[in-house]
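Listed here are the chains, written in short residue letters.
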Amino acid sequence: MNLFDLQGKTAIVTGGAKGLGGAIAIGLAKAGADIAIVTSSGKNRAVYDQITAMGRKAHIIVADLSKEENLPKVVSETLSVFGKIDILVNNSGIIRRTPAADHAAQDWHDVIDLNMNSVFFLCQLVGREMLKQGSGKIINIASMLTFQGGINVPGYTASKHGVAGITKALANEWAGKGINVNAIAPGYMETDNTAALRADADRNSQIMVRIPAGRWGTPEDLQGPAVFLASKASDYMSGEVLCVDGGWMTR
Ligand SMILES: NC(=O)c1ccc[n+]([C@@H]2O[C@H](COP(=O)([O-])OP(=O)(O)OC[C@H]3O[C@@H](n4cnc5c(N)ncnc54)[C@H](OP(=O)(O)O)[C@@H]3O)[C@@H](O)[C@H]2O)c1
């Protein structure tokens, strides 16, 4: 028996067309899953092409998840294309960098709406389907700022603390019903989200010096942990926030 086999499983990956979500979608597909890729722009097709070239099914759902009214169609479209949902990865997220004293209300609301509110409501909508089938795996993407305060990103920090709270609250309700709810907290990873940090020589060296692994993470570093949390291998894990950070948090 291969504990990590995802053949026959259907996964929704939000923000699955690029960045960390793109790598997670490809990782799950390599393990056998078919993938519903949720994107607000619909512009990037490379992940879709890579998954279908592997012989897996993929489907692109265009939805701005920051608007609650767009969430039900993510579920209904996935069900109409694939017939069921076994795995949900809540990965879509944005960051707005300005000091707390100047943090615009709109920036706060935009970040909270996407990074936290959409995570709860999508968990709720998909969770209802998983409760009916008596099984499911939910993986929410947290952050180092689930544990720390960060600098100049108060809304982001609040949202990512919220992601851990949602993960634990739902894990407690659903662990006995066949649904595992866990989170991955990536460390400092090379994506568009961190381009500004990497371009700032001072911040870049402050960050690098604290990473025991001696390098920024790559999107591919999340593939193994995501497959693990999506598979039978993690059936007794519940409410965990798994750091994938090159050792940042233990420093
Ligand atoms: N990079 C890091 O170091 C790091 C560390 C910890 C946590 N994270 C988290 O990892 C997740 C992915 O970030 P990333 O680093 O891969 O950054 P990214 O390349 O900027 O990706 C952001 C993702 O969110 C999606 N997205 C943005 N607005 C959306 C909306 N309104 N509706 C639906 N999807 C939307 C984007 O998809 P489209 O553009 O296709 O819509 C994209 O896939 C985020 O939750 C982020 O907070 C990143």
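Residues numbered from 1 in each chain as written. Predicted model: local features only at pLDDT ≥ 70, side-chain atom pairs only at ≥ 80, totals over all residues.

If you check an unreviewed UniProt entry, the protein chain appears there as 2-deoxy-D-gluconate 3-dehydrogenase from Paenibacillus contaminans.

Caption draft 1: Molecular detail of the site of the ligand. Looking at the ligand, there are 28 residues lining it, with Gly 15, Gly 19, Ser 40, Gly 93 and Asn 193 nearest. Tallying contributions element by element places helix H1 (residues 19-30) first for the shell around the ligand, with three residues. Each residue belonging to the shell around the ligand can be placed in one class, and the counts come to nine nonpolar, 16 polar and three charged. (Near = placed C-beta within 6 Å. Helix = DSSP H or I, 4+ residues; strand = E, 2+ residues; numbered from the N terminus. Nonpolar A, V, L, I, M, F, W, Y, C, P; charged D, E, K, R; others polar.)

Caption draft 2: Seen up close, unusual backbone geometry. In this structure, Asn 152 is a non-glycine residue whose phi angle is positive, near 70°. Relative to the assigned elements, Asn 152 resides in the loop between strand E5 (136-141) and helix H5 (154-174).

Caption draft 3: Structural detail: H5. Under the 1.5 Å per step criterion, the end-to-end length of H5 is 30 Å for 21 residues, consistent within 8% with the ideal 30 Å. Regarding H5, the residues found buried are Pro 154, Gly 155, Tyr 156, Thr 157, Ser 159, Lys 160, Val 163, Ile 166, Thr 167, Leu 170 and Trp 174. Here the buried face of H5 lies against helix H4 (105-133), E5, strand E6 (179-186) and strand E7 (241-244). (Expected span 1.5 Å × (residues − 1). Buried ≥ 20, exposed ≤ 12 C-beta atoms within 10 Å, placed from the backbone. Contact = placed C-beta atoms within 7 Å.)

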